[in-house]
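Close look at the chain arrangement
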Amino acid sequence: MGTPAITGSGVFTPPHTITNDELVAAFNAYADRYNADHAAAIDAGRVAAKVHSSSAFIAGASGIHQRYVMEKSGILDPEVMHPRLPPRRDDQPSLMAEMALDACHKALAQAGRSAREVDLIICAASNHERAYPAIAVEIQSLLGAQGFAFDMNVACSSATFGIKAAADMMRAGGANCAIVVSPEICSAHLEWRDRDCHFIFGDVCTAVMIEPEERAQGPHFRIHSTRCATQFSNNIRNNDGFLRRAHGQMGDRRDMQFMQNGRRVFKEVLPLVVSHIAGHLDEAETSASTLSRLWLHQANKGMNDFIGRKVLGRDAAPDEQPNVLQNYANTSSAGSIIAFSQHSDDLPPGAKGMICSFGAGYSVGSVLVERA
Ligand code: CO8
């Protein structure tokens, strides 16, 4: 089998946006109601008053200006503060599969392939809508693809780990036409009532086509090499899971949604990522000075600026390290793939770049590519 290549990519962008100002207005209205409802307990010092959020803080601390979501009225209703996503019947497509179909069709069109040629689908995402049957198998059926499909989850690194899995299978002869698809409905596992993190996430779906290079029908990116690493940490965690009922814990517990110690994540993940990228480049006998582009995980602009500076040894120009989080916020595993999909067409043949994700686990995944 030949060298695997990325032959197409696609992004499904949800229909609704929430600006920082809209988000903060809803949060502050919720906080005011909460404080009024708990006034006696707050005055007696038994309950902490909720403090207002601020658009200026959000933009300054994260670089996020807005986010896309699948449903916005519930998130912005101070009485609700979560998206209203009605359950789907078993004979209806799941929400993740519906988002995935759009992104997959865009990736297939760019690669010049029909769905029937696909023989591997990996649905790589931070959370899956149900335990089984796999969302990936549903996507395979709805697309009319062949072969086999499975779900995987490495939180924010799901897509890069998925690309590694597909590329390795291709090198071993186990697949010939693969899609790694990442439907991320982050709005459903974010606690919108928590001021420390209510601004962080948005929804999206990305898809990446991977084929042996000799099958490519047009411009493509040769996958030179991939590198994955993990190191256990509790600093990004979500305790929701199938044992919840067995534990007798069905109530409204804060740890059943996204939780993070953002400051520690910031401090601990940066050195991990910088040394991971340096190690990958060493293994590939490639110098950072030959990289034309870094498509980094989209969690925080300050983090990305720092990583770019350490990797390149100087400040990265905006087109060398494109950010999309000002529009999309953190979309977990899909972030680096949105950046790749929307900011790669201009690269000339021979240009090299690196896709790199990092997040819960901790996990770091990198993909070194070359434009062909
Ligand atoms: N408005 C106004 N002020 C605020 C707000 C707010 N909304 N929030 C906090 N503040 C205040 C704080 O109270 C604090 O005040 P004081 O100094 O008086 O105590 C001050 O601002 C500073 O607060 P922080 O220390 O929290 O602020 P930071 O500058 O550290 O910024 C960030 C916070 C933006 C969260 C930053 O720490 C960060 O980006 N960290 C890294 C995050 C990261 O990379 N996480 C990866 C998670 S993604 C992942 O792995 C996928 C998980 C699966 C997906 C889940 C989907 C839901």
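Just above, that's the structure.
Here we summarise the structure given alongside this text. (Residues numbered from 1 in each chain as written. Predicted model: local features only at pLDDT ≥ 70, side-chain atom pairs only at ≥ 80, totals over all residues. Heavy atoms only, no water.)

Structural notes on the pattern of salt bridges
- Taken as a whole and judged by the stated rule, the model has 24 salt bridges.
- A salt bridge links E211 to R113; the shortest N-O distance between them is 2.6 Å. Remark: R113 occurs in the loop between α4 (95–111) and β4 (120–124) and E211 occurs in strand β7 (residues 203–212); sequence separation between them is 98 residues.
- Overall, R113 belongs to the buried group, its relative accessible area being 14%.
- The closest approach of N and O atoms between E117 and R215, which form a salt bridge, is 4.0 Å. Note that E117 is positioned in the loop between α4 and β4 and R215 in the loop between β7 and β8 (221–230), a separation of 98 residues in sequence.
- R215 sits in the partly exposed class, given a relative accessible area of 22%. (Salt bridge = Lys/Arg side-chain N within 4 Å of Asp/Glu carboxyl O. Helix = DSSP H or I, 4+ residues; strand = E, 2+ residues; numbered from the N terminus. Buried < 20%, exposed > 50% of the residue type's maximum accessible area, 1.4 Å probe, protein only.)

Side note on the sheet that holds strand β5 (residues 148–152)
- Across the sheet, which stays open at both edges, the nine strands sit in the order β5-β4-β6-β7-β1-β8-β13-β12-β11 with mixed pairing between neighbours. For this open sheet the edge positions go to β5 and β11 (291–296), each flanked by a neighbour on one side alone. The sheet shows a mean angle of 25° between the axes of neighbouring strands, direction not considered.
- Sheet topology note: the β8/strand β13 (residues 363–371) ladder contains nine bridges and is antiparallel. From the neighbouring strand, T226 faces β13, where its bridge partner is V367.
- In this fold helix α6 (residues 158–171) packs onto β1 (4–12), β4, β5, β6 (178–185), β7, β8, β12 (352–359) and β13, with an angle of close to 120° to the strand it touches most, β8. (Pairing = 2+ DSSP bridges. Axes fitted to C-alpha atoms, helices over the stretch in contact; angles between N-to-C directions. Contact = heavy atoms within 4.5 Å.)

Description of the state of the cysteines
- Following the criterion strictly, the structure yields zero disulfides and no others.
- Between C186, a free cysteine, and C156, which holds the nearest cysteine sulfur, the sulfur-to-sulfur gap is 7.3 Å.
- No disulfide involves C228; its sulfur sits 9.8 Å from the nearest other cysteine sulfur, which is in C356.
- For C228, a relative accessible area of 27% corresponds to the partly exposed category. (Disulfide = S-S within 2.5 Å.)

Observations concerning the site of the ligand
- If you check the shell around the ligand, you find 28 residues, and the closest are C156, Q260, R263, N300 and A360.
- Here a nitrogen atom of the ligand sits 3.1 Å away from a polar atom, N or O, in the main chain of G262.
- A distance of 2.7 Å is found between an oxygen atom of the ligand and a side-chain nitrogen or oxygen belonging to N300.
- Across the complex, the protein chains shield 76% of the 1200 Å² of accessible surface that the ligand would expose by itself.
- Here the ligand occupies the second largest pocket. (Near = heavy atom within 4 Å. Polar contact = N/O pair within 3.5 Å; in protein donor to acceptor, adjacent residues only side chain to side chain. Areas by Shrake-Rupley, 256 points an atom, 1.4 Å probe, with all protein chains shown as cover. 1 Å grid on protein atoms, 1.4 Å probe; cavity = no way out; pocket = protein on both sides within 12 Å on 5 of 7 lines; lining within 4 Å. Sits in = over half its atoms within 2 Å of the grid points.)

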